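Observations on the model geometry
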Amino acid sequence: MTTHTIKVKVNGVEYVREVEPRLLLSDFLRHDLGLTGTHVGCEHGICGACTILFDGEPMRSCLIFAVQANGHEVTTVEALGTPEKMHPLQEAFQEKHALQCGYCTPGFLMTLKPFLETHPNPTDEEIREAIDGNLCRCTGYEHIIEAVKLAAQKMATRS
Amino acid sequence: MKPIPFEYFAPTTVEEALEHLSNLGYGGKVLAGGQSLIPAMNFRMARPGALVDLNGIPELAYIKPTADGGLAIGTMTRDSKVEHSPEVAKRFPLLPEVMPNIAHPQIRNRGTFGGSIAHADPAGQLPAISIVLNANLKVLKKGSERWVKAEEFFLGPFMTVLEPEEMLAEVVLPALPPRTGSSYQQVSRQKGGYSMAAVASVVTLDEAGKCTNARMVMISVGDVPILSAAALRILVGQKPTPEAIAEVAEIAASQEIDPGTDIHATAEYRRHLIRVLVRRSLTTAFERAAK
Ligand SMILES: Cc1cc2nc3c(=O)[nH]c(=O)nc-3n(C[C@H](O)[C@H](O)[C@H](O)COP(=O)(O)OP(=O)(O)OC[C@H]3O[C@@H](n4cnc5c(N)ncnc54)[C@H](O)[C@@H]3O)c2cc1C
Ligand code: FES
Ligand code: FES
């Protein structure tokens, strides 16, 4: 099988790699780059655990081939914050108990980051819509909604 | 790795893409947003030998006004672009009403307007919308071009008139006349889940309030989207009374559809939904047309 050389910027770092066309972007991030923050649940677009930013927009990394990322920019949860300097969303998720096992959390965060940037003061309804494409088997979602509201406040006071 | 091995081509122009498709014939497949094709490949239900990826062809992604006041939408225009386009909202308010029901924002950011039509899922919204809006579909293959009416495009579940070496390039939506109203109604277990049944209507009134056109399409209740003949026959030429609308709903639900039973709904329940949704959709569309 022919492989292809791709040049892709992930979290600001440029990588050049050889990939088989059938390699999913989610597996490329996890296995080839060791960025295991991106989780894989269903691998057919339903669960949202693998959500990343592709050229700044949230998309499913299990429904894009790595070879298609050639020349594009990918942002994963690893770029969001560090344990010392967390993103307001990460702080809010921690403070409001918006995660339990944490499997779904990276997908939620990568969905919510661009959402809060365009909805600095979201209503409950808007938040529910925004997380409609992300499944969580643990929290029951109420804590997540609380966390999003808190994160919006934190972001407003910081800017 | 989930899918079987395949060859991959990333053309940057339409000509190049058509050249690949022509060389590959039955061995090749177009990759648009991949939001239906890649899941099918991950399950190994789809096993194409080669993919021709259209994502690197900027000339296929656009929303352009046409001379008659309609719109031409390039096949690779992302669903989210159509959803949020002011041009689209102004001319075809049905589209921003429908789009949020298609999957989730993360999928609409990648899935394409033309890809959804070419995919021909009987539960998909956009194949039906292309019919109800009377779309003209531009189909290209190496060295030739043809136009197909949306009404004649769908042959069965996931089957269209497209030949393997052909590509859907553009969707042209003719302008809607004044005093036209539209409405989309669906019932699904979850927003962003495929509907158990759905109805889209586009109706036009004359100055006296008589119906001059009534297009209504039903989704998820047959192998292809079903354009109602009863709506045209019963409504056109008269004022749209609740009785006339109820009659259309009854005929549509009992005679025009061929629903199946699956884990989501029985055929009988789908008929019931159609009866209710036709009434809601037509009533709302006429109200909007009268404004
Ligand atoms: C979780 C989830 C939920 C979804 N829910 C819905 C829903 O509620 N309603 C709905 O309608 N859809 C839904 N979808 C499908 C989604 O909207 C797809 O984006 C769409 O159906 C296919 O468009 P695409 O651009 O991704 O096409 P692809 O997946 O790339 O292609 C689909 C098929 O069409 C062919 N094709 C694509 N473009 C062309 C072209 N230009 N010329 C010729 N052939 C072409 C491909 O070869 C392939 O066979 C859902 C998907 C997911 C993952
Ligand atoms: S793993 Fe991608 S959506 Fe579930
Ligand atoms: S925290 Fe466990 S799935 Fe969401």
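Predicted model only: the values in this text are computed from it and were never measured. (Residues numbered from 1 in each chain as written. Chains lettered and ligands numbered in written order. Predicted model: local features only at pLDDT ≥ 70, side-chain atom pairs only at ≥ 80, totals over all residues. Heavy atoms only, no water.)

Right, let's talk about the packing of aromatic side chains for a bit. Under the counting rule described, the total for this entry stands at 3 aromatic pairs over all chains. With a centroid separation of 6.4 Å and an interplanar angle of 50°, the aromatic rings of F108 of chain A and Y141 of chain A are classed as tilted. Linking F108 of chain A in helix α3 (residues 105-118) with Y141 of chain A in the loop between α4 (124-130) and α5 (142-158), this pair joins segments that are 33 residues apart in sequence. Taken together, a centroid distance of 5.1 Å and an interplanar angle of 90° make the contact between F153 of chain B and F154 of chain B edge-to-face. Taking relative accessible area as the criterion, F153 of chain B reaches 0% and is therefore assigned buried. Between the NZ or CZ atom of K64 of chain B and the centre of the ring of Y62 of chain B, over which it lies, the distance is 4.2 Å. Lying across the ring of F54 of chain A, R110 of chain B places its NZ or CZ 5.1 Å from the centre. (Phe/Tyr/Trp six-rings, centres within 6.5 Å; stacked < 30°, edge-to-face > 60°. Helix = DSSP H or I, 4+ residues; strand = E, 2+ residues; numbered from the N terminus. Buried < 20%, exposed > 50% of the residue type's maximum accessible area, 1.4 Å probe, protein only. Lys NZ or Arg CZ within 6 Å of the ring centre and 35° of its normal.)

Looking now at the domain arrangement of chain A. Residue and element names in this part refer to chain A. Domain assignment breaks chain A into domain 1 (4-79) and domain 2 (88-158). Summarising the inter-unit geometry, the C-alpha centres of domain 1 and domain 2 are found 22 Å apart. Contacts between domain 1 and domain 2 engage 17 residues on the former and 12 residues on the latter. Both sides of the domain 1 and domain 2 interface together cover about 1,100 Å² of buried area, and 63% of this is carbon and sulfur. Linking domain 1 with domain 2 are 0 salt bridges. Taken together, the connections running from domain 1 to domain 2 amount to 5 residue pairs in polar contact (both at pLDDT 80 or more). Of all the secondary-structure elements, those providing two or more residues to the side of domain 1 that touches domain 2 are β3 (51-54) and β4 (57-60). Here the side of domain 1 that touches domain 2 is composed, by residue class, of 8 nonpolar, 8 polar and 1 charged. (Domains from an automatic or database assignment. Contact = heavy atoms within 4.5 Å. Buried area = accessible area lost by both parts, 1.4 Å probe. Salt bridge = Lys/Arg side-chain N within 4 Å of Asp/Glu carboxyl O. Polar contact = N/O pair within 3.5 Å; in protein donor to acceptor, adjacent residues only side chain to side chain. Nonpolar A, V, L, I, M, F, W, Y, C, P; charged D, E, K, R; others polar.)

The parts lose accessible area when they come together, and the size of an interface is often stated as this lost area. Listed per partner, the contact involves 28 residues of chain A and 29 residues of chain B. Summed over the three residues of chain A that lose the most area to chain B, namely R22, L63 and F65 of chain A, the buried surface amounts to 26% of that side. Joining chain A to chain B, the criterion identifies 1 salt bridge. When the shortest N-O distance is used, the salt bridge between E43 of chain A and K2 of chain B registers 2.8 Å. Applying the counting rule to chain A against chain B returns 10 residue pairs in polar contact (both at pLDDT 80 or more). Residue assignment for the side of chain A that touches chain B shows that the elements contributing at least two residues are β3 and β4 of chain A. Here the side of chain A that touches chain B takes 4 residues from β4 of chain A, the largest share from any one element. Residues that form the side of chain A that touches chain B fall into these classes: 12 nonpolar, 9 polar and 7 charged.

Inspection of the region around ligand 1 gives 33 residues, with V30, G34, L37, T112 and Q125 of chain B positioned closest. At the site occupied by ligand 1, nearby residues are drawn from chains A and B. One of the backbone N or O atoms of Q35 of chain B is found 2.8 Å from an oxygen atom in ligand 1. T75 of chain B is positioned such that a nitrogen or oxygen atom in its side chain is 3.3 Å from a nitrogen atom of ligand 1. For ligand 1, whose unbound accessible area comes to 960 Å², protein coverage reaches 94%. Those elements that place two or more of their residues in the shell around ligand 1 are β2 (28-31), α7 (113-119) and β10 (167-173) of chain B. For the shell around ligand 1, the element with the highest residue contribution is α7 of chain B, accounting for 4 residues. When its residues are assigned to classes, the shell around ligand 1 shows 15 nonpolar, 17 polar and 1 charged. (Near = heavy atom within 4 Å. Areas by Shrake-Rupley, 256 points an atom, 1.4 Å probe, with all protein chains shown as cover.)

The next subject is the packing of α3 of chain A against α5 of chain A. All names here are of chain A. α5 packs onto α3 with a crossing angle of 45° between their chain directions and a minimal axis gap of 11 Å. Our classification of the angle between α3 and α5 gives oblique. The handedness of the crossing between α3 and α5 is right-handed. Contacts between α3 and α5 pair F108, L112, F115 and L116 from the former with I144, V148, A151, A152 and M155 from the latter. (Axes fitted to C-alpha atoms, helices over the stretch in contact; angles between N-to-C directions. Parallel < 35°, antiparallel > 145°, perpendicular 65-115°, else oblique. Left-handed = near helix turned anticlockwise from the far one by under 90°.)

Let us look at the UniProt feature "domain: FAD-binding PCMH-type" (unreviewed entry) in chain B. Per the UniProt annotation, the sites labelled "domain: FAD-binding PCMH-type" (unreviewed entry) are residues 1-178 of chain B. With 30% helix and 24% strand, residues 1-178 of chain B has end C-alpha atoms that lie 53 Å from one another. (UniProt positions renumbered as here; feature names shortened; annotations may be inferred.)

This part covers the sheet that holds β4 of chain A. Residue and element names in this part refer to chain A. Ordered in space as β2-β1-β5-β3-β4, the 5 strands form an open sheet in which the pairing is mixed. Either end of the sheet is taken by a strand with one partner, and the two such strands are β2 (13-19) and β4. Sheet twist, expressed as the mean angle between neighbouring strand axes with direction ignored, is 40°. Direction of pairing for β3 relative to β4: antiparallel, over a ladder of 4 bridges. The partner of I52 across the bridge, within β4, is M59. In the packing of α3 onto the sheet, the strands contacted are β3, β4 and β5 (73-75), and the crossing angle to β3 comes to about 35°. (Pairing = 2+ DSSP bridges.)

To continue, consider the sheet that holds strand β7 (residues 144-149) of chain B. Residue and element names in this part refer to chain B. With respect to topology, 5 strands assemble into an open sheet ordered β4-β5-β10-β6-β7, the strand pairing being antiparallel. In this open sheet, the two strands that pair with only one neighbour each are β4 (63-65) and β7. Within this sheet the neighbouring strands show an average axis-to-axis angle of 25°, counted without direction. Bridge count for β4 against strand β5 (residues 71-74) is 3 bridges, and the pairing is antiparallel. The residue of β5 that forms the bridge with P65 is L71.

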